[in-house]
Amino acid sequence: EDQVTQSPEALRLQEGESSSLNCSYTVSGLRGLFWYRQDPGKGPEFLFTLYSAGEEKEKERLKATLTKKESFLHITAPKPEDSATYLCAVQAGYDYKLSFGAGTTVTVRA
Amino acid sequence: NAGVMQNPRHLVRRRGQEARLRCSPMKGHSHVYWYRQLPEEGLKFMVYLQKENIIDESGMPKERFSAEFPKEGPSILRIQQVVRGDSAAYFCASSPSDRGYEQFFGPGTRLTVL
């Protein structure tokens, strides 16, 4: 069974204080690793898809990277509006379903 | 360019009643997925449908739960004889017909069972 573990569970940052979130995974035949952002009371918002080790993608202050065992989401100089829960998910084998981690809740203080 | 639409956004049912949750995928998307987020738990896959077909229902509880995606109209997730443990946020996602990878989520339906 696919396993996705995110760490830390919660992260409190000062505005401008860069940090990284970790997503480690155990799957058979990774098709894609996905990052989503979820605000309270809302649905997950798609951020990135990574398909192979070594791949990197960027969007504003966010940068996602992928190795054979884990992915990192780097937040550079965060702002309060970056406060959210960040979810990692994998798609493996012939399945289309996403297997999600529990998420990392990021709080950025001004 | 409307995203995935779900209704109702909030639904309150008493134990034993039926709950019907609706999902309209993004324009041009013919693949629909349902996920459930229980309080203090992560998102869990329930079912994957294409028009008039259930492709994967491996995450659906064996009893009381059913899903459909008819040729016309929204996808429906039906929960019969609801129990308190069914209280959760139910999210629908859709993906384009020619790429099964990125899934775009709706705002969810929050079901409360009294």
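Keep in mind the model is a prediction, meaning the values are calculated, not measured.

Participant: What am I meant to see in the nonpolar core here?
Facilitator: One recurring pattern in soluble globular proteins is that nonpolar side chains are buried together. By size, the foremost hydrophobic cluster in this structure holds 23 residues, and its most contacted members are Trp34(B), Met46(B), Leu77(B) and Tyr90(B). Formed by 22 residues, the second largest nonpolar core is a distinct cluster that contains Val4(A), Tyr25(A), Phe48(A) and Tyr86(A).

Participant: Just to check I follow, could you spell out the interface of chain B and chain A for this structure?
Facilitator: How big an interface is tends to be reported as the loss of accessible area on association of its parts. Tallying the contact residues gives 20 residues for chain B and 18 residues for chain A. Carbon and sulfur atoms supply 57% of the area buried between chain B and chain A, which totals about 1600 Å² over both sides. It is Leu43(B), Tyr101(B) and Phe105(B) in chain B that bury the most area against chain A; as a group they hold 33% of the surface buried on that side. Linking chain B with chain A are zero salt bridges, by the criterion used here. Seen at the junction of chain B and chain A, the total is seven residue pairs in polar contact (both at pLDDT 80 or more). For the side of chain B that touches chain A, the secondary-structure elements that each account for two or more residues are β4 (29–37), β5 (43–50) and β10 (104–105) of chain B. Split by residue class, the side of chain B that touches chain A holds 10 nonpolar, five polar and five charged.

Participant: I tried to follow the pattern of salt bridges on my own but got confused; where do I start?
Facilitator: Side chains that differ in charge, positive against negative, can pair when their charged atoms come close. Residue and element names in this part refer to chain A. One pass over the structure, following the stated rule, counts six salt bridges over all chains. Between Arg37 and Asp39 there is a salt bridge, with its nearest N and O atoms 3.1 Å apart. In this structure, the salt-bridge partner of Lys57 is Glu55, at a minimum N-O distance of 3.8 Å.

Participant: Got a minute to help me understand the side chain of His31(B) in this structure?
Facilitator: All names here are of chain B. Mapped onto the fold, His31 is located in strand β4. A residue is classified by how much of its surface remains accessible, and His31, at 7% relative accessible area, is buried. In this structure the side chain of His31 is engaged in a polar contact, spanning 2.7 Å, whose partner is the side chain of Tyr48.

Procedures and definitions
- Residues numbered from 1 in each chain as written.
- Chains lettered and ligands numbered in written order.
- Predicted model: local features only at pLDDT ≥ 70, side-chain atom pairs only at ≥ 80, totals over all residues.
- Heavy atoms only, no water.
- Core = buried A, V, L, I, M, F, W, Y, C linked by side-chain atoms within 4.5 Å.
- Buried < 20%, exposed > 50% of the residue type's maximum accessible area, 1.4 Å probe, protein only.
- Contact = heavy atoms within 4.5 Å.
- Buried area = accessible area lost by both parts, 1.4 Å probe.
- Salt bridge = Lys/Arg side-chain N within 4 Å of Asp/Glu carboxyl O.
- Polar contact = N/O pair within 3.5 Å; in protein donor to acceptor, adjacent residues only side chain to side chain.
- Helix = DSSP H or I, 4+ residues; strand = E, 2+ residues; numbered from the N terminus.
- Nonpolar A, V, L, I, M, F, W, Y, C, P; charged D, E, K, R; others polar.

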